[in-house]
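Structural characterization, general
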Amino acid sequence: MDCYTANWNPLGEETFYRKLELYSMEWGLREDLRDCVVAAAPYGGPIALLRNSRRDKTPSARPLLEIYSASGLLLASVPWKSGHLVHLGWTAGEDLLCIQEDGTVLVYNLFCEFKRHFSMGNEVLQNHVLEAQVFHTEFGTGVAILTGALRFSLATNIDDLKLRRLPEVPGLQKAPPCWTVLAQDRVTMVLLAMGQELFLLDNTSCSVLVRRPPGLSPSAGPFLHVAVSFTHRLLALFCDSGSVWMGTASLKEKFCEFNTGIRSPPKQMVWCTRPRSRQRAVVLAWERQLMVVGNSSECIRFVLDEDSYLVPELDGVRILSRSTHEFLHEIPEASQEIFRIASMAPGALLLEAQKEYEKESQKADEYLREIREQQLLPEAVGQCIEAAGYEHEPETQKSLLRAASFGKCFLDKFPPEGFVRMCQDLRVLNAIRDYQIGIPLTFTQYKQLTIEVLLDRLVLRRLYPLAIRICEFLRLPEMQGVSRILAHWACYKVQQKDKSDEEVAQAINQKLGDTAGISYSDIATRAYDCGRAELAIKLLEYEPRSGEQVPLLLKMKRSKLALGKAIESGDTDLVYTVVLHLKNELNRGSFFMTLQNQPVALSLYRQFCRHQERETLKDLYNQDDNHQELGNLHVLGGYCQKRIEGRVAALQNALDEFYKAKNDFAAKATEEQIKLLRLQRHLQEELDKPYLDLSLHDTVATLILDGHHKRAEQLYRDFRIPDKRYWWLKINALATRGDWEEMEKFSKSKKSPIGYLPFVEVAVKHHNRYEAKKYAPRVPPEQRVKAFVLVGDLEQAAEAAMERKNEAEMSLVLSRCSPGTDGALAERLNRARAQLLKK
Amino acid sequence: REDRGRSPQRDFHILFVPRRSLLCEQWLKEQGVLGSFIHREQYSLDLIPFDGDLLSMESESAFKECYLESDQTSLYHAAKGLMTLQALYGTIPQIFGKGDCARHVANMMIRMKREFPGSQNSIFPVFDTLLLLDRNVDLLTPLATQLTYEGLIDEIYGIQNTYVKLPPEKFAPKKQGEGGKDLPTEPKKLQLNSAEELYAEIRDKNFNAVGSVLSKKAKIISAAFEERHHAKTVGEIKQFVSQLPHMQAARSSLANHTSIAELIKDITTSEDFFDNLTVEQEFMSGIDTDKVNNYIEDCIAQKHPLIKILRLVCLQSVCNSGLKQKVLDHYKREILQTYGYEHILTLNNLEKAGLLKPQTGGRNNYPTIRKTLRLWMDDVNEQNPNDISYVYSGYAPLSVRLAQLLARPGWRSIEEVLKMLPGPHFEERQQLPTGLQKKRQHGENRVTLVFFLGGVTYAEIAALRFLSQMEDGGTEYIIATTKLINGTTWIKSLMEKLEPAPF
């Protein structure tokens, strides 16, 4: 165990730092790093390298842009053909930003494939880029530029490019020895040093603030180097006196100051702290030595054998050189507790106990008892689990986890999730740390990054199988896990130009099948964007959701196909989408022809026209010679006419159409209607009374009501109104008019086709029993009882009923008899009924 | 679709029901107001629960759009609604259907299921069977006058969203001394659903059986109130008092329904109602359906309400598999001359919907259908029914008969008749994961969801509830529909509303 702490270097009383090797680099670099433009992405990201850029400026020799994994495996390389490169940087999404002298920023993915470019503005173009920095804030990835005119230009988020020119620094004659971007309270600023002064260029208020770090010894000379921590909270300044000032980025608080005794500015200075650590340290790198300084009179020194490059991380610093890739970090508390020499922390004891147990030594029990006496076993297990997370060596991880598992056995109800989660996380971490994959994430970084982002990064590296295996191992829901990765894979697959459309489509379908949450249309969209329309259509065939197929098909100008798909879905709104699209896209003729072949679309379009474009509807019916509907439309149109001539003309059109439709009935009816309308106009003019728009029935009735019997008679004949209806109509009208004389005359004009009961009914309805009685005797025997009852002549009714020997009729009369007045009659009826029933 | 907020200073939001539609948005855009809505959202309101066993989409024009205008938007919503229902209550393993629209809905359901292959439903299915029925398979039933209590309330006063408005006179509070002084003039508004105990009991009874139930209830309630005299101890009184709210609610419920029953009785005992019903029943039992009917002629001559005439004529046409051209033309001419020529479009609509048609092929299928499906029962028992025909006092609704025969013995026994009815009949099965397959306990009821595409009447619902309650039925029915209808509202939805511009 003693050897375990061999690489621990104390800084002050409490903290230790260790430097461990992550990889021995595979990249076989011949040049020194100092001869290259280097950029390494945080979170164990890839390394970009542009060789030869400074030394060899002959235009013939093309420098080479190379991208390596963190383990030094070449991911891709491309000869640099563009302009003079000033700076390289990585975005949060692992895109490479290449900042050129003219202010153009070229964006490449990590396979050196050009994605896009943007410019940092005219000012930069004119004055050229002197220096540049890429920085990360909560807004995304930003770019800051110092131009030849000694002005700063800044974009906080390159995905939403808004260029800002920062205010001028008064008295700035030459490029400042150091500057950096600071992000505080959602504001991005540039901090620069000029001599012994610090200037803060505020992005929003356009003000220049002069600040002096608090507590800085007055002897401290001009600032030569500045460093901001990963989280933008801490700031370190290097003065030419060799001292380092460390404090908050707000410049309000000082932590400590340390004199390095080296007056030349370091090549790199970066923060090396752990979240929530009490110690805050800065790492400085000169040509041949590395120094870790913090709140302590001592410092840690390392000798650098090779030219090195520092990459700040959330919880430490990565050190890249030609042959190795190392990680320098502060030992986390849990690890310290367990591994510190002679530690009596519960975790340390538990680890020891487990080892003794394996050796079958009784000491195991002693140690365990010691922990349990203090009731610290849960803490011990927790410590071991936590510490396992901070270890890179699987063997050490295992022994810690074994200890935790051993301790767990002696605990009731210790929640297992933490242990299981750690085992899973470590498996994932070990897998991605493998030099073939080359993502040296620490546990802290991994938790900060989240599994989703890690999966995205694996997908970016086209490590689909590993990503899928991780998803399956962690049992992530298909939609977020496997399906999503397969979809990414498919999107990549469609870009493989060497395979035929058929092959690609089949390969994709074979692998994806009906996996939940796969959007074939997304893949097809990608294929279409790559210029493979045929492949896109093939892929769309696999898409089960028509709603998804349609928009892309429309985009690809396959409107007819889209129409078919929309109809298949049954979603009428989708059909409308396509139909209206077609309407704009095609000329009227071919639009109609297209609809003709799609009855569903046609009827929907008709529905649309019914509400919005009546005239078009006419054209549609015209096209299929649907005369019946055309006729109906004319009728409908007629009723919108303000003038009677218009109505008649419309009806005339309808009439023609009805004839063409061979609908004789409708034609005749319309003819009659026209005739009636003309007649009504005539009547209206002559009698000065509104007749128009009355039905034939009402017209005749109104005529009778007004006493124009002749005219009524005329209409009755002209329109061949059936006798029965005419008689009903007439007696009703006469009764309403109270013209009983005329009614009687009418009743005698000929034999009534409706009998005489209606006369009785109508008269009774108009409360004229006297008149009603006149007709009762003329009612045929089978209705006579009812008639007499109606007029209230119970005597006669009873007679009639008895005569007819009808039991039901007798009961009807009986029900009308009141015991007081019709007692005798009721008795007679009862007797007759009884007699009838006897038989 | 509803707008929220009216005054110009306010923010405008728009909430589309049942869904955001392209056409609507485009129209708003053309009007130049689309941009002024801050939020445009949709609320997918497909099936609205109306009662414990009843869902409706309340899509007024569904029948007209489907059968007249070939616009199947409402069917898409129906399919969506069924998918939501399945998401909540499990995949329905069996789908039966009859009619073109039913076929279309089933196709869309199967398709929608395929669109979300991964979202395998893990809910234990509540429904065993879904039966999709096109309204045009059974055009007859809605035309006949419903004779259940609820059906009659709907026929006479119109139930809207479970509420009915009634003439107020009968509901005047009866207080001594000031009888008839100030009668309320506002119509009495009542909510009708099975939450009301008494209504649940009588709603589906034939109206002729309602009176006896009401008087029995009246006796029970007054007996219950009498009990207070027998209450001696404090405990007994306390118990009595605790039942009071329930008893009072029962008493007011009884008073309401007694009043409604009286109102209805005034109408059902009228001569006109009787004559109308007689003619309907003659048609349905197949008497004299092939010639011009005197009663209809007389009604036209006396200019009875047009809808009543249309219901009768359509009923005759349906019961005769279409009318002879001469008879049809006669009716049409009578109607046009009496009610106005503009109704030619309405008549045209009815013809397109198949409600009114000339007999083609000279063959009347209705008698065969009537006999095979036993649509007319002479020995109907209104008080203690033993068959669904009690809901129309003799006529057994065709649609419900189809549902009944599907449950037992199955449609195979009536293949011939099914072929005579319009549209295809079909069966689909939806695979269930093995864990969700039902192992039926003995005596456990199957649950069937009957979806009426194009509307359902209260009498049909009553008939299905009757089947659910049959002791040896073995099937429980849940009813869903595009719209709750009766003959009047249905015909009205098919009428062309022409308002001539005044000259």
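Please refer to the structure higher up on the page.
Notes on the structure in this doc start here. (Residues numbered from 1 in each chain as written. Chains lettered and ligands numbered in written order. Predicted model: local features only at pLDDT ≥ 70, side-chain atom pairs only at ≥ 80, totals over all residues. Heavy atoms only, no water.)

**Section: helix 26 (residues 723-737) of chain A**
Compared with an ideal rise of 1.5 Å per residue, which puts 15 residues at 21 Å, helix 26 of chain A spans 21 Å between its outermost C-alpha atoms and is within 8% of the ideal. Among the 15 residues in helix 26 of chain A, 11 count as buried, and that is most of the element. Arg725(A), Tyr726(A), Trp727(A), Trp728(A), Leu729(A), Lys730(A), Ile731(A), Asn732(A), Ala733(A), Leu734(A) and Ala735(A) are the residues of helix 26 of chain A that are buried. Next to the buried residues of helix 26 of chain A lie helix 24 (696-705), helix 25 (709-718), helix 27 (740-749) and helix 28 (757-765) of chain A together with helix 11 (294-301) and helix 13 (325-339) of chain B. Downstream of helix 26 of chain A by one or two residues, Gly738(A) has phi in the positive range, about 75°. (Helix = DSSP H or I, 4+ residues; strand = E, 2+ residues; numbered from the N terminus. Expected span 1.5 Å × (residues − 1). Buried < 20%, exposed > 50% of the residue type's maximum accessible area, 1.4 Å probe, protein only. Contact = heavy atoms within 4.5 Å.)

**Quick notes on the interface of chain A and chain B**
Contact with chain A, which involves 55 residues of that partner, is made by 53 residues of chain B. By the criterion of area lost to chain B, the three top residues of chain A are Tyr639(A), Phe665(A) and Arg725(A), representing 15% of everything that side buries. In this structure, the connection of chain A to chain B is made through 9 salt bridges. Counting the contacts that link chain A with chain B gives 27 residue pairs in polar contact (both at pLDDT 80 or more). Among the elements that take part in the side of chain A that touches chain B, helix 23 (residues 664-687) of chain A stands out by supplying 7 residues, more than any other. For the side of chain A that touches chain B, the per-class residue count stands at 21 nonpolar, 17 polar and 17 charged. (Buried area = accessible area lost by both parts, 1.4 Å probe. Salt bridge = Lys/Arg side-chain N within 4 Å of Asp/Glu carboxyl O. Polar contact = N/O pair within 3.5 Å; in protein donor to acceptor, adjacent residues only side chain to side chain. Nonpolar A, V, L, I, M, F, W, Y, C, P; charged D, E, K, R; others polar.)

**Describing the packing of aromatic side chains**
As enumerated under the stated definition, the model contains 28 aromatic pairs over all chains in all. Aromatic pair Phe238(A) and Trp286(A): ring centres 6.1 Å apart, planes at 65°, arrangement edge-to-face. Linking Phe238(A) in strand 20 (residues 234-239) with Trp286(A) in the loop between strand 24 (281-285) and strand 25 (289-293), this pair joins segments that are 48 residues apart in sequence. When sorted by exposure, Phe238(A) lands in the same class as Trp286(A), which is buried. Judged by centre distance (4.8 Å) and plane angle (35°), the ring pair of Tyr357(A) and Phe406(A) falls under tilted. Highlighted residues: Tyr357(A) in helix 3 (residues 346-358) and Phe406(A) in helix 6 (residues 394-408), separated in sequence by 49 residues. Grouping aromatic residues by their ring pairs yields a cluster made of Tyr716(A), Tyr726(A), Trp727(A), Phe746(A), Tyr756(A), Phe759(A) and Tyr775(A). Its guanidinium or amino end placed over the ring of Tyr756(A), Arg778(A) lies 4.2 Å from that ring's centre, counting from NZ or CZ. The ring centre of Phe426(B) lies 4.1 Å from the NZ or CZ of Arg103(B), which sits over that ring. (Phe/Tyr/Trp six-rings, centres within 6.5 Å; stacked < 30°, edge-to-face > 60°. Lys NZ or Arg CZ within 6 Å of the ring centre and 35° of its normal.)

**Let's talk about the packing of helix 19 (residues 599-612) of chain A against helix 20 (residues 614-623) of chain A**
Residue and element names in this part refer to chain A. Two elements in contact, helix 19 and helix 20, have axes whose closest approach is 6 Å; the angle formed by their N-to-C orientations is 145°. Mapping the contact onto sequence places Leu602, Tyr605, Arg606, Cys609, Arg610 and Gln612 in helix 19 and Arg614, Thr616, Leu617, Leu620 and Tyr621 in helix 20. A per-class count over the contact of helix 19 with helix 20 returns 6 nonpolar, 2 polar and 3 charged. (Axes fitted to C-alpha atoms, helices over the stretch in contact; angles between N-to-C directions.)

**Side note on the side chain of Thr141(B)**
Residues and elements named next belong to chain B. Within the secondary structure, threonine 141 is located in helix 5 (residues 140-143). Given the relative accessible area of 0%, threonine 141 is considered buried. Reaching out from threonine 141, the side chain makes a polar contact with the side chain of aspartate 138 at a distance of 2.4 Å. In this view, threonine 141 contacts Arg135, Tyr392, Tyr395, Pro397, Leu398, Ser399, Thr457 and Glu460; residues no more than four positions away in its chain are not counted.

**A closer look at unusual backbone geometry**
Of the consecutive residues Val17(B) and Pro18(B), the connecting peptide bond is found in the cis state with omega at 0°. Looking at the secondary structure, you find Pro18(B) in the loop between strand 2 (12-16) and helix 1 (22-30). Cis peptide bonds are those with omega within 30 degrees of zero, and the linkage from Arg408(B) to Pro409(B) qualifies with 5°. Its place among the elements puts Pro409(B) in the loop between helix 16 (398-407) and helix 17 (415-420). Even without glycine at this site, His232(A) takes up a positive phi of about 65°. Within the secondary structure layout, His232(A) lies in the loop between strand 19 (223-228) and strand 20. Its relative accessible area of 12% is what places His232(A) among the buried residues.

**Quick word on the pairing of strand 22 (residues 254-259) of chain A**
Residues and elements named next belong to chain A. Relative to strand 22, strand 21 (residues 243-248) runs antiparallel, the two sharing 5 bridges. Bridge pairing in strand 22 links valine 244 to phenylalanine 258. Hairpin connection, strand 21 to strand 22: the antiparallel pair is bridged by 5 residues, and leucine 251 has positive phi, about 65°. (Pairing = 2+ DSSP bridges.)

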